[in-house]
Amino acid sequence: MGEVTGIAWTDHTFNPWIGCTRVSEGCRNCYAEQLVTTRMGRKWGPGTERRRTSAANWKEPIRWAKKARAVGRRDKVFCASLADIFDFEAPIETRRDLWKLIGDTCDALDWQLLTKRPMRITPVMCEDGLNLGFFELTHCWLGTTTENHQTAEERIPEILQVDAAVRFLSCEPLIGPINLDNLKYRPGMDGWLSAFNENAWPELGKIDWVICGGESGAQARIMKPEWARNLRDQCASAGVAFFMKQMGSVFGPSKGHDLPDDLNIKQFPVSA
Ligand code: SF4
């Protein structure tokens, strides 16, 4: 939640609230759930509180934006690491405050919105009035997690339906191979939206950035290096920026220097 983030592909992390519910296999060892249940002693999952973070925390992006403007740079802000802003149980008023905060700071900050529920983006935009001229996600980087081929088939078509400054995939934790050339339409848990767009087949060229990483922690599942290499090669062929974050705990401490030389690639998209 603070100034410094340990996530190599961003400059800051911001959590508008804390709390979520597991939605797919990628959530099995959710870091946020472990943090909240073991260190904070709070509950996690359906029906549990999505607790708004402190007023002081909400002032942080304003301060980051001010600093960025002063030196003429743009900072990246990952939102949210301890929640999913398109969660069915998201606190609506807090989410609307988030859009306001993004609108007030997006001249200096690239907001990176990452979700495992991309099928919820358009309904949320309608609910919050974001597609009615108030605010559009064209100011934001919009990403979805695709931990395996099934979630790639479910979620990539959804993310391609929304305009954004940058569209990205987070293939982390990568727990199975993903062949982006061989995706088939597969409605997710809320597939009605995709049903209107069956012809909008995923094209990797419409994705600007792919982040790849193995799982961390004591229960980490294996990521075969060939899965990462295959994604790297698919991105290279399609001209898509590729960022290899980590191999994961099964290969030792999750530091960048543990990456094999041929996977030590940290490209960023050209921001709009
Ligand atoms: S969507 Fe993200 S924050 Fe929510 S349970 Fe899954 S991994 Fe955790």
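Preceding this section is the structure that the text describes.
Residues numbered from 1 in each chain as written. Predicted model: local features only at pLDDT ≥ 70, side-chain atom pairs only at ≥ 80, totals over all residues. Heavy atoms only, no water.

Points about the overall build of the protein chain
And step 1. When you go through the protein chain residue by residue, the secondary structure sums to 8 helices and 9 strands.
And step 2. The buried share among the 272 residues of the protein chain stands at 56%.
And step 3. Of the contacts formed within the protein chain by residues at least 6 apart in sequence, a portion of 81% connects residues at least 24 apart.
And step 4. Entry remark: accessible area of the protein chain is about 12,100 Å², with carbon and sulfur atoms responsible for 51%. (Helix = DSSP H or I, 4+ residues; strand = E, 2+ residues; numbered from the N terminus. Buried < 20%, exposed > 50% of the residue type's maximum accessible area, 1.4 Å probe, protein only. Contact = heavy atoms within 4.5 Å. Areas by Shrake-Rupley, 256 points an atom, 1.4 Å probe, with all protein chains shown as cover.)

Points about the pairing of strand E6 (residues 141-145)
And step 1. Here E6 lies mainly inside the structure; 5 of its 5 residues are buried.
And step 2. Burial along E6 is two-sided: Trp141, Gly143 and Thr145 facing one way and Leu142 and Thr144 facing the other are all buried.
And step 3. Two elements, strand E5 (residues 109-115) and E6, share 4 bridges in a ladder whose sense is parallel. Bridge pairing in E6 places Leu114 opposite Gly143.
And step 4. Sheet topology note: the E6/strand E7 (residues 166-171) ladder contains 5 bridges and is parallel. Bridged to Trp141 within E7 is Val166. (Pairing = 2+ DSSP bridges.)

Considering the side chain of Lys76
And step 1. Looking at where Lys76 falls in the secondary structure, it is placed in strand E4 (residues 75-79).
And step 2. Of the residues examined, Lys76 reaches a relative accessible area of 14% and is grouped as buried.
And step 3. Look past the residues within four positions of Lys76 in its chain and what remains in contact with it is Trp9, Thr10, Asp11, His12, Asp110, Gln112, Trp141 and Phe268.

Regarding the packing of helix H3 (residues 92-105) against helix H4 (residues 121-128)
Packed helices, taken two at a time, are described by the angle between their axes plus the distance between the axes.
And step 1. The interhelical angle for the contact between H3 and H4, taken along N-to-C directions, is 90 degrees, at an axis separation of 11 Å. By the angle between their axes, H3 is roughly perpendicular relative to H4. Between H3, through Ile92, Arg95, Arg96 and Trp99, and H4, the contact on the second element is made entirely by Val124, Glu127 and Asp128.
And step 2. Classifying every residue of the contact of H3 with H4 gives 3 nonpolar, no polar and 4 charged. (Axes fitted to C-alpha atoms, helices over the stretch in contact; angles between N-to-C directions. Parallel < 35°, antiparallel > 145°, perpendicular 65-115°, else oblique. Nonpolar A, V, L, I, M, F, W, Y, C, P; charged D, E, K, R; others polar.)

Structural notes on the packing of aromatic side chains
And step 1. Counted under the stated rule, the structure contains 11 aromatic pairs.
And step 2. Look at Phe86 and Trp99: their rings are 6.2 Å apart centre to centre, the planes differ by 40 degrees, and that puts the pair in the tilted class. Note that Phe86 is positioned in the loop between E4 and H3 and Trp99 in helix H3, a separation of 13 residues in sequence. This pair shows no difference in class: Phe86 is buried, exactly as Trp99 is. (Phe/Tyr/Trp six-rings, centres within 6.5 Å; stacked < 30°, edge-to-face > 60°.)

What to know about the pairing of E4
Working note: regular strand, side chains alternate between the two faces of the sheet.
And step 1. With respect to burial, E4 is a largely interior element, 5 of its 5 residues being buried.
And step 2. Side-chain alternation along E4 places Asp75, Val77 and Cys79 on one buried face and Lys76 and Phe78 on a second face that is also buried.
And step 3. Pairing geometry for strand E1 (residues 12-13) and E4, over 2 bridges, is parallel. Counted as the bridge partner of His12 is Val77 from E4.
And step 4. Two strands pair when backbone bridges link them, and E4 and E5 are joined in this way by 5 bridges, in the parallel orientation. Residue pairing across strands places Asp75 opposite Leu109, the latter belonging to E5.

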